[in-house]
Amino acid sequence: MLRIIDARTGEPVHAAPARRGLTRVEAHAPGSDATSLRVLLVADLLVRALEIGGTPVWALLTGGSRQAELRADAAALGIRPFEDSPDVSAGLGEAQVVHVAAAGGTAPDGVRIAVAPVEVTGQGTSGGERREAGTADDVSAEPGPPVGGIAESGGPSGRAAEEDPRADKSSASYPSTGRSTGSGTPGGVDPTVLRLALLTRHHSAPVRLEAAVLEEAGATLARWRGAVARWSRSPSRPVPDEVRGRLREAWEDDLDVPRVLDELRWVENEPGLPDGARFETYAYADRLLGLELTRDLGAPS
């Protein structure tokens, strides 16, 4: 059963306490900056995880004046549409209501997932100092300074990696809106690569915009899509029970997506698994991840 950490208490709670009972997921994203986009991504993961478990979900978005821009950026990242939040004071008889908001942000009283900020470094800050999108240090929801891309923080300690001075900023993006000065996507990168880069850190840990991990995410995504296309040519085999169990255990433990990604790496490299089982495992996990891992099926080798 899916459990999340309630940011108010630090204690785990069931996201769906009643079998087949409705869960309302309400995302609170007042801007169109990178942190607001991450809030919506985490809410999308929660909705997907609940639906995989058979729980009906009512997904709502409470936003500000930049909601149209946020929705456009979210659609590019494969985030499914959320309804505009109406007056829900009466409710629909939900068994649970979960609010997803930026850490330190405002949300109605109730079970809450706190999403850590996206850190932005750019020329608009004095001496290249760090600025957190969507916080008081981010003066407005206007486009921010150009940066090289998005990346995870350094390691389990949560410390941010240093900016790569070699990063090419010629097609840098404005992460507060998701628009690019290059090809129309952040840093000229496939939006699905951006999604993977955001998923490499647990939602409770900050993410830093930087080129190096975007490049790593792009290489990983290309490798996995190519492998899935190759594996699809082998006879189908079911997802091994122990692998399915570890995947579910990971995402049902406070949406621990980095553990899901670690399990996929294990499946990729485990010599004893048939390719047909690898294919089915990646297709199954992609129901949560939304990375279009089967996109290259049928493409020329």
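So, here's what we can say about the structure. Computed from a prediction, not measured in an experiment: that's the story for all the values here.

1. Focus: the packing of aromatic side chains
All told, the structure shown has three aromatic pairs when counted by the stated rule. Between Trp-224 and Tyr-282 the ring centres are 5.5 Å apart and the planes differ by 85°, which places this aromatic pair in the edge-to-face class. A residue pair is termed long-range when its members are at least 10 positions apart, and Trp-224 in helix H4 (residues 211–231) and Tyr-282 in helix H7 (residues 275–289) qualify at 58 residues. When the centroid spacing of 5.1 Å and the interplanar angle of 70° are considered together, the rings of Trp-231 and Tyr-282 count as edge-to-face. In this pair, Trp-231 is assigned in helix H4 and Tyr-282 in helix H7, connecting sequence segments 51 residues apart. Residue class for Trp-231 comes out buried when judged on its relative accessible area of 7%.

2. Remarks on the environment of Leu-209
Structurally, Leu-209 can be placed in the loop between strand E13 (207–208) and H4. Here the alpha-carbon distance between Leu-209 and Glu-119, two residues 90 residues apart in the chain, equals 6.1 Å.

3. Focus on the packing of helix H6 (residues 257–269) against H7
Following both chains from N to C, one finds H6 and H7 inclined at 165°, their axes separated by 10 Å at the closest point. When the axis of H6 is compared with that of H7, the two are roughly antiparallel. When you trace H6 past H7, the crossing you get is left-handed. Counting all contacts with H6, which are made through Val-257, Val-260, Leu-261, Leu-264, Arg-265, Val-267, Glu-268 and Asn-269, the residues of H7 involved are Arg-278, Thr-281, Tyr-282, Ala-285, Leu-288 and Leu-289. Taken together, the residues that form the contact of H6 with H7 break down as nine nonpolar, two polar and three charged.

4. Section: unusual backbone geometry
At Asp-254, a residue that is not glycine, the phi angle is positive and equals roughly 60°. Along the chain, Asp-254 falls in the loop between helix H5 (241–251) and H6. Exposure remark for Asp-254: the relative accessible area of 11% places this residue in the buried category. The residue Leu-255 is not glycine, and still its phi comes out positive at about 50°. Looking at the secondary structure, you find Leu-255 in the loop between H5 and H6. With relative accessibility at 3%, the residue Leu-255 sits in the buried group.

The rules behind these values
Residues numbered from 1 in each chain as written. Predicted model: local features only at pLDDT ≥ 70, side-chain atom pairs only at ≥ 80, totals over all residues. Heavy atoms only, no water. Phe/Tyr/Trp six-rings, centres within 6.5 Å; stacked < 30°, edge-to-face > 60°. Helix = DSSP H or I, 4+ residues; strand = E, 2+ residues; numbered from the N terminus. Buried < 20%, exposed > 50% of the residue type's maximum accessible area, 1.4 Å probe, protein only. Axes fitted to C-alpha atoms, helices over the stretch in contact; angles between N-to-C directions. Parallel < 35°, antiparallel > 145°, perpendicular 65-115°, else oblique. Left-handed = near helix turned anticlockwise from the far one by under 90°. Contact = heavy atoms within 4.5 Å. Nonpolar A, V, L, I, M, F, W, Y, C, P; charged D, E, K, R; others polar.

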